[in-house]
Amino acid sequence: MFHRRRATMAAFLLPAIVVYGVFMLYPLARGVYLSMTDSLGGPIADFVGTRQYRAMADDPAVTDALWHTVLYAAVVVVVQNGLGLLFASMLFRRPRVRKVLNVVLLTPTLISPVMAAFIWSYLFAPTGGINALLDLVGLHGLNHVWLGDTSTALYSVAAVNIWMFTGYSCAIFLAGYMNMPTELLEAAALDGASGWRRFRSIEWPLLAPALTVNVTLSLIGSLKVFEFPLVLTNGGPAGATDTLTLLVYRNVFGGGKFAYGVALSVVLLVTVVVLSSATSSLLRLRERRI
Amino acid sequence: MTSDITSPPIETRPAHLGKRRVPTRPRTTSGTSRNPLRRLAGGLGTALLCLGTLLFVLPFLFTVVTSLRTAADVARSPLGIPHSLTLKNFSDAFSQIHYGRSTLNTLLITSLSCVVITVIGSLAAYPLARITQHWSTAVYRLFILGTSVPVFVVVAPLYLLMRDLNLLDNYAGVVLIYTALNLPVAVFFYTSFIRGIPADLEEAAALDGCGAFRTFFTIILPLLRPVTSTLLTFVSLQIWNDLLVPLVFLQDPDKRTVMVNAYSFIDPHTVQPTTLFPAALLGVLPLLVIFVFFQRQVVAGMSAGAVKS
């Protein structure tokens, strides 16, 4: 009786396996194969081995994009989580304003990246909000063409990313705070530990799992960023904000270099998987050591 | 607010830290003491905190106010006090991005995808949570692998596949793509939730001759409600706000979603903020309305969504 029951149960998996297999695993495998052909997207394609990958080594656009992607991710991960942690620890100490401010901080997360990018494209404009605000507080000297200068464009795009997701990081850290055993915090208070000391030796170690989740998430999210650079700069000025995703999009749908674009997407996958699994296993190891 | 998350992404309490026991005493609020200097510092902190939060909503407020002003007024002073308010920008944007039609399209795609994801995701999670064998662990791992695969990696081969299956410009195609993309997170949510449900009840039902189907629908399914609402919040936000999938797979103007229409209508470098902002606001309006009503669930959902990329 139990045997038949288990067979029926296993059958429950079928619809999910079919959809996931056909629309996720199969395209994944086919992508890896296509990256080793000279396909233009049509039915005719020859196997060319590693030619597309070798071509990337000679393509400065690719090495630049890879560097931009990694730099962008590093800035976003550090600043977004730093700010999120700062907000979370301040909110945790102030139960009266906690709920309201947490919700307010989460509002940017709700809007779509495209819409966020639209709003900020105007705020960053030469006569837009940021410069006008700087004028208002008398800091004319800081006026800048934020998205038009190769030295600030990438960081400006990253700032929008940070603006949108800091509330998210904060919410996860706050969830970590709420899970802390109260006895421990009380004991610390009785021992007279407060402020920085309490944070450093009690809260920070207890937040280790939240940190792992936050860093891994923001890393994956920022490595595959697409809408922000697309809308804000479309890779410009002079390729200063070209990321791997933009190159994939342009090559695959811009015509001509289909297989090259697919090969780039495989590079993106490898980058995401390697960096995120390395980071999360390092952080897990750290969790166990603390 | 975030403590009622059902599938916890975060485990705390490292063993050695939890051991130290101290007799509980009525506690004074842990951070602030009665010292007036301390209290002043605390108040200052709260003020700074509110100011910091305000900086995060300022772009929003600015967007709303600018949307309500006339173009000439904004040109005169971008940050100035509005002289007159108008709703004309909104009605213009409404017709230019074909708002009614595209909202319906987005709503249709989002809700259909949500239904399919929850149904087949919960069905799949049941055996994965209850059968402990090598093959089921392998299948589970295969699903979880999907959480770190960016859409970009599969977008080109998916395009070819959809073309071969005649599913380009077809809602079913987009729904299937969203289902495949979100199944990993659904399977993860449901499996970890079902593992937390004691199996006693199901065993009793099995002894009474209740088959797997009936057990699932009468015992498991009703228990899944909290995790489903969390999952739905997370998944519907992703789908509603997505640009790439509808941009690539729905080219028929009548089938486009809000995000695609807004994206193709607006060129941020030439368009005025008074046309740009209302379009941006209209795009997120349905979500903001839902957020106001389901605040609690949304916040819980987003923190629990932490497991996904």
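Residues numbered from 1 in each chain as written. Chains lettered and ligands numbered in written order. Predicted model: local features only at pLDDT ≥ 70, side-chain atom pairs only at ≥ 80, totals over all residues. Heavy atoms only, no water.

As annotated in an unreviewed UniProt entry, chain A carries the name Sugar ABC transporter permease and is attributed to Streptomyces asoensis. Quoted straight from UniProt, the Subcellular location (unreviewed entry) entry for chain A says "Cell membrane". Under the UniProt heading Sequence similarities (unreviewed entry), the entry covering chain A gives this text: "Belongs to the binding-protein-dependent transport system permease family." (UniProt positions renumbered as here; feature names shortened; annotations may be inferred.)

1. Observations concerning the overall build of chain A
Helix and strand counts for chain A come out as 14 helices and 0 strands. Reading chain A from its N end, one meets helices and strands in the order α-α-α-α-α-α-α-α-α-α-α-α-α-α. The dimensions of chain A, computed from C-alpha atoms along their principal axes, are 75 × 75 × 30 Å. A burial count over chain A gives 57% of its 290 residues as buried. Relative to all contacts within chain A whose residues are 6 or more apart in sequence, the contacts with residues 24 or more apart total 68%. (Helix = DSSP H or I, 4+ residues; strand = E, 2+ residues; numbered from the N terminus. Buried < 20%, exposed > 50% of the residue type's maximum accessible area, 1.4 Å probe, protein only. Contact = heavy atoms within 4.5 Å.)

2. Things to note about the overall build of chain B
Across its full length, chain B holds 15 helices and 0 strands. Every one of the 309 residues in chain B was classed for burial, and the buried ones make up 50%. Relative to all contacts within chain B whose residues are 6 or more apart in sequence, the contacts with residues 24 or more apart total 78%. With the model as given, the accessible surface of chain B reaches about 14,700 Å², and the carbon-plus-sulfur share is 64%. (Areas by Shrake-Rupley, 256 points an atom, 1.4 Å probe, with all protein chains shown as cover.)

3. Considering unusual backbone geometry
Positive phi outside glycine occurs at Ala238(A), with the angle close to 50°. Its relative accessible area of 80% is what places Ala238(A) among the exposed residues. In this model, Asp169(B) sits at a positive phi of 60°, which is unusual for a non-glycine residue. Within the element layout of this structure, Asp169(B) appears in the loop between helix H7 (151-164) and helix H8 (171-195).

4. Re the nonpolar core
Counting 174 residues, the largest nonpolar core has Phe228(A), Phe143(B) and Phe249(B) as its most contacted members. Setting aside anything within four residues of it in sequence, one finds Phe249(B) in contact with Val155(B), Leu158(B), Tyr159(B), Met162(B), Leu168(B), Asp169(B), Asn170(B), Val174(B) and Ile177(B). (Core = buried A, V, L, I, M, F, W, Y, C linked by side-chain atoms within 4.5 Å.)

5. Describing the environment of Gly261(A)
All names here are of chain A. Take Gly261: it is sitting in helix H14 (residues 258-289). Residue Gly261 is classed as buried on the basis of its relative accessible area of 0%. When sequence neighbours within four positions are dropped, the list of residues in contact with Gly261 reads Val248, Asn251 and Val252.

6. Details of the packing of aromatic side chains
Within the structure shown, the criterion is met by 24 aromatic pairs over all chains. With centroids separated by 4.7 Å and ring planes inclined at 20°, the aromatic side chains of Phe92(A) and Tyr177(A) adopt a geometry described as stacked. Residue Phe92(A) is located in helix H4 (residues 60-92), and its partner Tyr177(A) is located in helix H8 (residues 153-178); the two are separated by 85 residues in the primary sequence. A single burial state applies to Phe92(A) and to Tyr177(A), both of which are buried. Between Tyr122(A) and Phe277(B) the ring centres are 5.5 Å apart and the planes differ by 85°, which places this aromatic pair in the edge-to-face class. In this pair, Tyr122(A) is assigned in helix H6 (residues 113-123) and Phe277(B) in helix H14 (residues 273-293), connecting two distinct chains. The exposure classification of Tyr122(A) matches that of Phe277(B), with both residues buried. In this structure an aromatic cluster arises from ring pairing among Phe226(A), Tyr249(A), Phe253(A), Phe152(B), Tyr159(B) and Phe249(B). (Phe/Tyr/Trp six-rings, centres within 6.5 Å; stacked < 30°, edge-to-face > 60°.)

7. So, the UniProt feature "domain: ABC transmembrane type-1" (unreviewed entry) in chain A
Cross-referencing UniProt, the feature "domain: ABC transmembrane type-1" (unreviewed entry) maps to residues 66-279 of chain A in the present numbering. Across residues 66-279 of chain A, the secondary structure splits into 76% helix and 0% strand, with the terminal C-alpha atoms separated by 18 Å.

8. Re the UniProt feature "transmembrane region" (unreviewed entry) in chain A
All names here are of chain A. Under the present numbering, the feature "transmembrane region" (unreviewed entry) in UniProt falls on residues 7-29, 65-88, 100-123, 153-175, 206-226 and 258-283. The distance separating the terminal C-alpha atoms of residues 7-29 is 29 Å; by composition the span is 91% helix and 0% strand. Annotated as 92% helix and 0% strand, the span residues 100-123 places its first and last C-alpha atoms 26 Å apart.

9. Comments concerning the side chain of Ser122(B)
Residues and elements named next belong to chain B. Its place among the elements puts Ser122 in helix H5 (residues 99-130). By relative accessible area, Ser122 is classed as buried at 4%. A distance of 3.1 Å separates the side chain of Ser122 from the backbone oxygen of Val119, its partner in a polar contact. (Polar contact = N/O pair within 3.5 Å; in protein donor to acceptor, adjacent residues only side chain to side chain.)

10. Quick word on the packing of helix H6 (residues 134-145) of chain B against H8(B)
Packed helix pairs are characterised by how far apart their axes lie and by the angle those axes make with each other. All names here are of chain B. At their nearest, the axes of H6 and H8 sit 7 Å apart, and the two run at 135° to each other. Here H8 runs oblique to H6, going by the angle between their axes. The two elements H6 and H8 meet at a crossing, and its hand is left-handed. Each of Tyr140, Phe143 and Ile144 in H6 lies in contact with H8, whose residues at this interface are Leu183, Pro184, Val187, Phe188, Thr191 and Arg195. Of the residues assigned to the contact of H6 with H8, the class counts are 7 nonpolar, 1 polar and 1 charged. (Axes fitted to C-alpha atoms, helices over the stretch in contact; angles between N-to-C directions. Parallel < 35°, antiparallel > 145°, perpendicular 65-115°, else oblique. Left-handed = near helix turned anticlockwise from the far one by under 90°. Nonpolar A, V, L, I, M, F, W, Y, C, P; charged D, E, K, R; others polar.)

11. A word on the pattern of salt bridges
The full count for this structure, using the stated rule, is 8 salt bridges over all chains. Residue Asp164(B) is joined to Arg30(A) by a salt bridge in which the shortest nitrogen-to-oxygen separation is 3.9 Å. Here Asp164(B) is found in helix H7, whereas its partner Arg30(A) is found in helix H2 (residues 14-34) on a different chain. With relative accessibility at 52%, the residue Asp164(B) sits in the exposed group. Notably, a salt bridge pairs Asp252(B) with Lys255(B), separated by 4.0 Å at the nearest N-O pair. For Asp252(B), a relative accessible area of 25% puts it in the partly exposed group. (Salt bridge = Lys/Arg side-chain N within 4 Å of Asp/Glu carboxyl O.)

12. Details of the side chain of Arg98(A)
All names here are of chain A. Relative to the assigned elements, Arg98 resides in helix H5 (residues 95-110). Although Arg98 is buried, it makes no salt bridge; Glu203 carries the closest opposite charge, 11 Å away. Every residue in contact with Arg98, bar those within four places of it in the chain, is listed here: Leu91, Phe92, Leu174 and Met178. (Lys, Arg positive; Asp, Glu negative; His and termini not counted.)

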